[in-house]
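Analysis of the macromolecular model
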Amino acid sequence: MNAVTPLAGRTAVVTGGTRGIGRAIAERLRDDGAEVWVTGTNRDGTEPDGARYFAIDFTINEAVERFASELSNLAPDVLVNNAGINRNAPFADIDFADFDAIHRVNLRTPLALMQAVLPTMRKNGWGRVINIGSIWSKLARPGRASYAASKFGLNGVTTAAASEAAADGVMINMVSPGIIDTELTRRTLNAERLKAILADVPTGRLGQPEEVAALVAWLAGPENTFVSGQNIAIDGGFTRV
């Protein structure tokens with residue numbers, strides 16, 4: 001293992017890798033030596049420098065199936081399922097079209113992509129899958145039933161797949177970020193709401209995308225030989241208090 005480029009010679013795919021947490025993860029894996037592919041819905045030049053790009057809309061089942069076939073042929077060593085969507089609503093007002101779309105992107109797609117890459121990873125005796133969850137995979141709040149259900153489901157998929165693949169050298173884990181300082185966070189939370197949320201975070205601050213990326217990079221790297229089937233919160237202690 002090269003301590004500077006621990007993923008040299010490896011190929012990594014990061015879904016939703018053009019902005020926010022996904023972009024930070026893609027850039028970190030690239031800096032760790034991996035050849036990185038990212039996905040996005042519209043190619044607008046925002047993919048990280050040096051990364052290759054797949055354009056795909058994960059709300060369309062047929063598109064997911066085509067992409068899964070491409071992944072099977074690419075046979076990446078690392079898969080990071082980061083793409084996701086969220087539509088909050090009071091429980092009584094949940095629209096089932098929204099519910100189905102959220103589960104299609106947040107749960108069905110990661111499962112399909114894992115099915116595409118795991119056979120080769122297991123055959124090769126090495127592979128890493130990191131599913132990006134959320135603190136809402138560990139708890140729920142009003143208005144978050146659809147999203148929380150998808151992330152709780154992803155946690156179950158992660159654990160079940162890990163129990164089957166770990167003996168073959170494939171480590172599958174979930175990373176669940178808390179309130180992270182991204183453009184989306186700043187756009188959806190006004191100053192008053194943000195202050196109220198941070199009052200419940202023991203560290204007293206927003207997390208940074210690069211902090212999430214550092215955890216993902218370790219889980220994806222050769223030093224991780226015994227962490228499997230875990231849902232690791234990176235949230236400044238929020239879910240523990």
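Here goes a summary of the coordinates provided. Predicted model, so just to flag it, every value in this text is computed and none were measured.

What to know about the pairing of strand β2 (residues 35-40)
The buried fraction of β2 is high, at 5 of 6 residues. With 4 bridges joining them, strand β1 (residues 11-14) and β2 adopt parallel strand pairing. Looking at β2, one finds that A12 is bridged to V36. After leaving β1, the chain enters helix α1 (residues 20-31) and then returns to the sheet as β2, a path that is right-handed. One ladder, built from 4 bridges, connects β2 with strand β3 (residues 52-55); its direction is parallel. Along β3, the bridge assignment pairs T39 with F54.

Quick notes on the packing of helix α2 (residues 61-74) against helix α3 (residues 96-124)
Orientation of α2 relative to α3, taken along the N-to-C sense of each, is 30°, at an axis distance of 8 Å. Classified by the angle their axes make, α2 and α3 are roughly parallel. Classified by chirality, the crossing of α3 by α2 is right-handed. Here α2 contributes N61, V64, E65, F67, A68, L71 and S72 to the contact with α3, which in turn contributes R104, R108, T109, A112, L113, A116 and V117. Along the lines of polarity and charge, the residues of the contact of α2 with α3 split into 8 nonpolar, 3 polar and 3 charged.

Notes on the pattern of salt bridges
Overall, the coordinates contain 10 salt bridges when judged by the stated rule. Between E27 and R23 there is a salt bridge, with its nearest N and O atoms 3.1 Å apart. In this pair, E27 and R23 are both assigned in helix α1, 4 residues apart and thus about one turn of the helix distant. In this structure, the salt-bridge partner of R186 is D181, at a minimum N-O distance of 2.8 Å. Note on R186: relative accessible area 49%, which makes it partly exposed.

A closer look at the nonpolar core
If you look at the biggest cluster of nonpolar residues, it comprises 30 residues, and the most contacted ones within it are F58, F67, L71, L79, M114, L118 and I172. Every element with two or more residues in this core is listed here: α2, α3, α4 (145-165) and β6 (170-177). Here this core gets 9 residues from one element, more than from any other, and that element is α3. Ranked by size, the runner-up nonpolar core spans 26 residues in total, among them A12, I21, I180 and A217.

Concerning the sheet that holds β3
The strands making up a sheet associate through hydrogen bonds between their backbones, and the pairing can be parallel or antiparallel. Overall, parallel pairing links the 7 strands, which are arranged β3-β2-β1-β4-β5-β6-β7 in an open sheet. Each having just a single partner strand, β3 and β7 (231-234) make up the two edges of the open sheet. Each strand axis lies, on average, 20° off the axis of its neighbour in the sheet, ignoring direction. Of the pairings in the sheet, the one linking β6 to β7 comprises 4 bridges and is parallel in character.

Remarks on unusual backbone geometry
With a phi angle near 55°, A75 is a residue other than glycine that sits in the positive phi range. Note on placement: A75 falls in the loop between α2 and β4 (78-81).

Rules and cut-offs
Residues numbered from 1 in each chain as written. Predicted model: local features only at pLDDT ≥ 70, side-chain atom pairs only at ≥ 80, totals over all residues. Heavy atoms only, no water. Buried < 20%, exposed > 50% of the residue type's maximum accessible area, 1.4 Å probe, protein only. Helix = DSSP H or I, 4+ residues; strand = E, 2+ residues; numbered from the N terminus. Pairing = 2+ DSSP bridges. Right-handed = clockwise from strand over helix to strand, strands pointing away. Axes fitted to C-alpha atoms, helices over the stretch in contact; angles between N-to-C directions. Parallel < 35°, antiparallel > 145°, perpendicular 65-115°, else oblique. Left-handed = near helix turned anticlockwise from the far one by under 90°. Contact = heavy atoms within 4.5 Å. Nonpolar A, V, L, I, M, F, W, Y, C, P; charged D, E, K, R; others polar. Salt bridge = Lys/Arg side-chain N within 4 Å of Asp/Glu carboxyl O. Core = buried A, V, L, I, M, F, W, Y, C linked by side-chain atoms within 4.5 Å.

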